[in-house]
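Coordinate inspection notes
The lines below spell out each chain.
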Amino acid sequence: MAKILGGITTSHIPAVGKAIQDELHDDPYWKPFFDGYPKIHNWIKENKPDVVINIYNDHGLGFFLDQMPTFAIGAAHEYRNEDEGWGLPSLDPFPGHPELSWHIIESMVADEFDITSCQELAVDHGFVVPMQLFWPGAPHNPDMPRAIPISANTVQHPIPTLKRALDFGKALRKGIESFPEDLKVVVLGTGGLSHQLEGERAGFINKEFDQYCIENIAHNPEELTKITRQELVEKAGAQGTEFLMWMMMRGALGDNVTEITRNYHIPISNTASGTLLLECE
Amino acid sequence: MDQPGFDYHIDIPGTTLFDGKQAMKGYALNKMCYAFNKEENRNAFKADEEAFMEQYGLNNTQKQAVRDRNVLAMIEAGGNIYYLAKLAGIFKLSVQDVGGQQTGMTTEEFQQHLLDQA
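Conventions and cut-offs
- Residues numbered from 1 in each chain as written.
- Chains lettered and ligands numbered in written order.
- Predicted model: local features only at pLDDT ≥ 70, side-chain atom pairs only at ≥ 80, totals over all residues.
- Heavy atoms only, no water.
- Helix = DSSP H or I, 4+ residues; strand = E, 2+ residues; numbered from the N terminus.
- Contact = heavy atoms within 4.5 Å.
- Areas by Shrake-Rupley, 256 points an atom, 1.4 Å probe, with all protein chains shown as cover.
- Lys, Arg positive; Asp, Glu negative; His and termini not counted.
- Charge placed at Lys NZ, Arg CZ, Asp CG, Glu CD.
- Buried < 20%, exposed > 50% of the residue type's maximum accessible area, 1.4 Å probe, protein only.
- Arc of directions from axis to C-beta.
- Polar contact = N/O pair within 3.5 Å; in protein donor to acceptor, adjacent residues only side chain to side chain.

A few words now on the overall build of chain B. What chain B contains, in helices and strands, is 8 helices and 0 strands. Taken from N to C terminus, the helices and strands of chain B fall in the order α-α-α-α-α-α-α-α. Expressed as lengths along the three principal axes of its C-alpha atoms, the size of chain B is roughly 45 × 40 × 20 Å. Long-range pairs, those at least 24 residues apart, make up 51% of the contacts in chain B with a sequence separation of at least 6. Just so you have it, chain B exposes about 6100 Å², and 50% of that area is on carbon and sulfur atoms. Charged side chains in chain B number 11 positive and 16 negative. The centres of these two groups are separated by 9 Å.

Here it is as structure tokens:
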């Protein structure tokens with residue numbers, strides 16, 4: 001049977017992709033950020049997951065407002081990275097695992113989660129940057145697992161509640177664990193933490209709230225479901241709603257987890273960046 | 001159009017929640033910006049901004065906001081920041097430039113404001 005090894009969160013800021021391309025790992029601005037990743041690289045080397053489920057939010061590449069799924073699951077043989085409008089070089093396609101995708105979709109819809117399935121899905125920085133951070137050289141890293149993208153809507157309100165995000169993760173766990181093949185799976189929750197790009201409040205960051213979220217997500221995620229969506233915008237910033245991805249990931253990890261490493265740094269671009277590795281017990 | 005049954009928003013100064021009301025208002029502007037994912041559309045816009053905006057059916061308020069490169073006015077006109085970021089890219093504006101413009105700071109002041117929150 002498939003087994004979930006653990007979950008990893010990271011911010012997915014576009015500027016990180018550029019910094020990787022320019023090899024700025026030891027630059028004074030970037031070093032405190034990139035220092036959060038070697039322990040994760042070691043864990044990945046030791047555990048060698050076969051599949052990565054990458055929970056992210058599309059930012060206007062794979063989906064537009066004409067048809068905006070609340071929860072979408074990739075079911076493709078491969079996922080193309082495409083130009084998001086800035087003319088940056090695209091990475092080569094990421095191989096998928098459509099059999100596992102369809103198994104998860106069947107299981108989750110039976111569990112009353114209404115999923116949008118995607119046999120083609122262009123993936124943006126939200127998906128690609130975390131892959132580059134965890135598997136340097138992605139998708140050409142020799143340990144690169146097959147990938148399944150899951151995108152949740154944080155572009156257009158109404159967005160899902162924090163409780164729904166956590167419950168989504170719990171249903172996802174059932175879908176993964178009931179897959180008959182012996183696969184090792186890692187779940188990513190990408191995006192966040194606090195940031196706001198628009199309006200007179202652009203540049204808003206909230207260290208206290210971020211730390212409250214990081215403190216509670218491992219052992220007390222139910223507490224975080226009390227936060228309303230409007231409070232999340234108020235306290236995490238308009239784009240800090242990406243914390244929903246962390247909640248979705250957390251739900252997939254089961255009751256008990258061990259924290260292996262964490263990193264938190266202000267600022268990267270306009271964002272408070274956060275990284276966390278939780279291993280399933 | 002108001003949506004009285006769903007008026008659950010709280011007032012967050014300096015923040016426009018991109019909800020159904022904004023989505024209705026901004027569809028043409030956002031659709032144009034989404035088109036900028038493709039290089040051919042970016043080039044077409046650069047070659048003739050007015051014709052491109054007309055093609056996507058922007059209203060006069062939206063057109064003027066684009067002419068003025070005024071991000072706050074674009075948001076007021078229903079623009080969503082994720083799509084507007086693609087337009088900002090055409091003007092070679094970074095997210096810190098856009099942040100500075102909206103908050104009345106220079107880019108350097110805005111970057112310092114970010115650092116000060118560490």
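For the rest of this paragraph, the subject is helix H4 (residues 60–67) of chain B. Residue and element names in this part refer to chain B. By the burial criterion, the buried members of H4 are Gln62, Lys63, Ala65 and Val66. Projected down its long axis, H4 carries its buried residues within an arc of 160°, all on one side. Away from the buried face of H4 by more than 90 degrees, exposed residues Asn60 and Thr61 are located. Buried residues belonging to H4 abut helix H1 (20–35), helix H2 (39–47), helix H3 (49–55), helix H5 (71–76) and helix H6 (81–90). The opening residue of H4 is Asn59, an N-cap whose side-chain oxygen sits 3.2 Å from the backbone nitrogen of Thr61. Trailing H4 by a residue or two, Arg69 shows a phi angle of about 55°, which is positive.

Here the amide bond leading from Ala138(A) into Pro139(A) is cis, since omega sits at 5°, within 30 degrees of zero. If you check the backbone angles, Glu23(A) has positive phi at about 55° while not being a glycine. Taking relative accessible area as the criterion, Glu23(A) reaches 65% and is therefore assigned exposed. Phi is positive for Arg69(B), which is not a glycine, with a value near 55°. Within the secondary structure layout, Arg69(B) lies in the loop between H4 and H5. By relative accessible area, Arg69(B) is classed as partly exposed at 29%.

Looking now at H2(B). Residues and elements named next belong to chain B. Those residues of H2 not exposed but buried are Asn41, Arg42 and Phe45. All buried residues of H2 project into a common sector of 105° when viewed along the axis, lining one side. In this structure, H2 carries Glu39, Glu40, Lys46 and Ala47 as exposed residues pointing more than 90 degrees from its buried face.

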